[in-house]
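Below are the chains, spelled out letter by letter.
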Amino acid sequence: GAGVSQSPSNKVTEKGKDVELRCDPISGHTALYWYRQSLGQGLEFLIYFQGNSAPDKSGLPSDRFSAERTGGSVSTLTIQRTQQEDSAVYLCASSSLRLAGGPYEQYFGPGTRLTVT
Amino acid sequence: GESVGLHLPTLSVQEGDNSIINCAYSNSASDYFIWYKQESGKGPQFIIDIRSNMDKRQGQRVTVLLNKTVKHLSLQIAATQPGDSAVYFCAENETGFQKLVFGTGTRLLVSP
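The present account deals with the structure reproduced in this document. (Residues numbered from 1 in each chain as written. Chains lettered and ligands numbered in written order. Predicted model: local features only at pLDDT ≥ 70, side-chain atom pairs only at ≥ 80, totals over all residues. Heavy atoms only, no water.)

**Observations concerning the overall build of chain A**
Move 1: Along its length, chain A carries zero helices and 10 strands.
Move 2: When the elements of chain A are put in sequence order from the N terminus, they spell out β-β-β-β-β-β-β-β-β-β.
Move 3: Taken over C-alpha atoms, the radius of gyration comes to 14 Å for chain A, in line with the 13 Å a tight globule of 117 residues would show.
Move 4: Across the 117 residues in chain A, those meeting the buried criterion constitute 49%.
Move 5: Considering only intrachain contacts with a sequence separation of at least 6, the fraction spanning at least 24 residues in chain A is 56%. (Helix = DSSP H or I, 4+ residues; strand = E, 2+ residues; numbered from the N terminus. Rg over C-alpha atoms; globule rule 2.2 N^0.38 Å. Buried < 20%, exposed > 50% of the residue type's maximum accessible area, 1.4 Å probe, protein only. Contact = heavy atoms within 4.5 Å.)

Okay, here's the thing in structure tokens:
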């Protein structure tokens, strides 16, 4: 079956513009995560969606960042008024919570490389 | 998901050697740990996991060791192959929290 897909794969934008990044999780996965990976760094948690529960937004770095998940499937991460420090690879992951005692293996997409000029 | 970085610790080995990649974690309450492999231009890929009630877990050519006393995790790769060249991340989780906390990664370079 298809894995997690993300689009676009690369995005170059001018400082101050808004961008939208899309994630299509694995079908049936109820949990969806967004991470940011800066050059030479590990993965920084941004936001987590689980079913119809309120998302965990504790990792969003500023109010310029927001995300939504429509119909429990596709998610969009929006960055408003982009800054150069927003340049990074944005990774999406999904997981299934069929088993008790989570968390479970997260399946990652290939990421979107965002460059703010 | 590219993880190219000039400042990543790097482990260079010869093909056929055994590799050991180390990770120190920070949260003494973490009770679930995962190792991920990230190849250039790709997202991280699950390798192996371990829960805190275990000290060791083995997979195919990989072994994870957990030392809770010193909050240390290691990944051992037997008979390392050129295809193992990648950046390896450890991640920790505390029950009740869904997010994973990732380490900064170690680059493994395997020479034929």
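**Concerning the overall build of chain B**
Move 1: Of the regular secondary structure elements, chain B holds zero helices and 10 strands.
Move 2: From first element to last, N terminus to C terminus, chain B shows the α and β order β-β-β-β-β-β-β-β-β-β.
Move 3: Expected size for 112 residues packed as a compact globule is a radius of gyration near 13 Å; at 14 Å, chain B falls within 12% of this value.
Move 4: For chain B, the spread of C-alpha atoms along the principal axes amounts to about 40 × 25 × 20 Å.

**With respect to the sheet that holds strand β7 (residues 75–79) of chain A**
All names here are of chain A.
Move 1: Ordered by their spatial adjacency, four strands build an open sheet running β1-β3-β7-β6, and the pairing between neighbours is antiparallel. Edge strands, defined here as strands with exactly one partner in the open sheet, are β1 (5–7) and β6 (65–69). Pairwise comparison of adjacent strand axes, ignoring direction, gives a mean angle of 15 degrees for this sheet.
Move 2: With three bridges joining them, β1 and strand β3 (residues 19–24) adopt antiparallel strand pairing. Within the sheet, the bridge partner assigned to serine 5 lies in β3 and is aspartate 24. (Pairing = 2+ DSSP bridges. Axes fitted to C-alpha atoms, helices over the stretch in contact; angles between N-to-C directions.)

**Digging into the pattern of salt bridges**
A pair can form between side chains of opposite charge whenever their charged atoms are brought close.
Residues and elements named next belong to chain B.
Move 1: Enumeration according to the criterion identifies eight salt bridges over all chains in this entry.
Move 2: With a shortest N-O distance of 2.2 Å, aspartate 49 and arginine 57 are connected by a salt bridge.
Move 3: Taking relative accessible area as the criterion, aspartate 49 reaches 15% and is therefore assigned buried.
Move 4: Residue arginine 57 is classed as partly exposed on the basis of its relative accessible area of 35%.
Move 5: One salt bridge connects aspartate 84 with arginine 61, and the closest N-O pair in it is separated by 2.9 Å. Taken as a pair, aspartate 84 in the loop between β7 (72–77) and β8 (86–93) and arginine 61 in the loop between β5 (56–58) and β6 (62–67) lie far apart in primary sequence, 23 residues in all.
Move 6: For arginine 61, a relative accessible area of 30% gives the class partly exposed. (Salt bridge = Lys/Arg side-chain N within 4 Å of Asp/Glu carboxyl O.)

**Regarding the sheet that holds β6 of chain B**
In any sheet, the strands associate via hydrogen bonds between backbone groups, in a parallel or an antiparallel arrangement.
Residues and elements named next belong to chain B.
Move 1: Pairing within the open sheet is antiparallel, and its four strands lie in the order β2-β7-β6-β5. Each edge of the open sheet is held by one strand with a lone partner, namely β2 (19–24) and β5. The mean angle between the axes of side-by-side strands here comes to 15 degrees, regardless of whether they run parallel or antiparallel.
Move 2: Note: β2 against β7, six bridges, orientation antiparallel. Note that in β7 the partner of serine 19 across the bridge is isoleucine 77.

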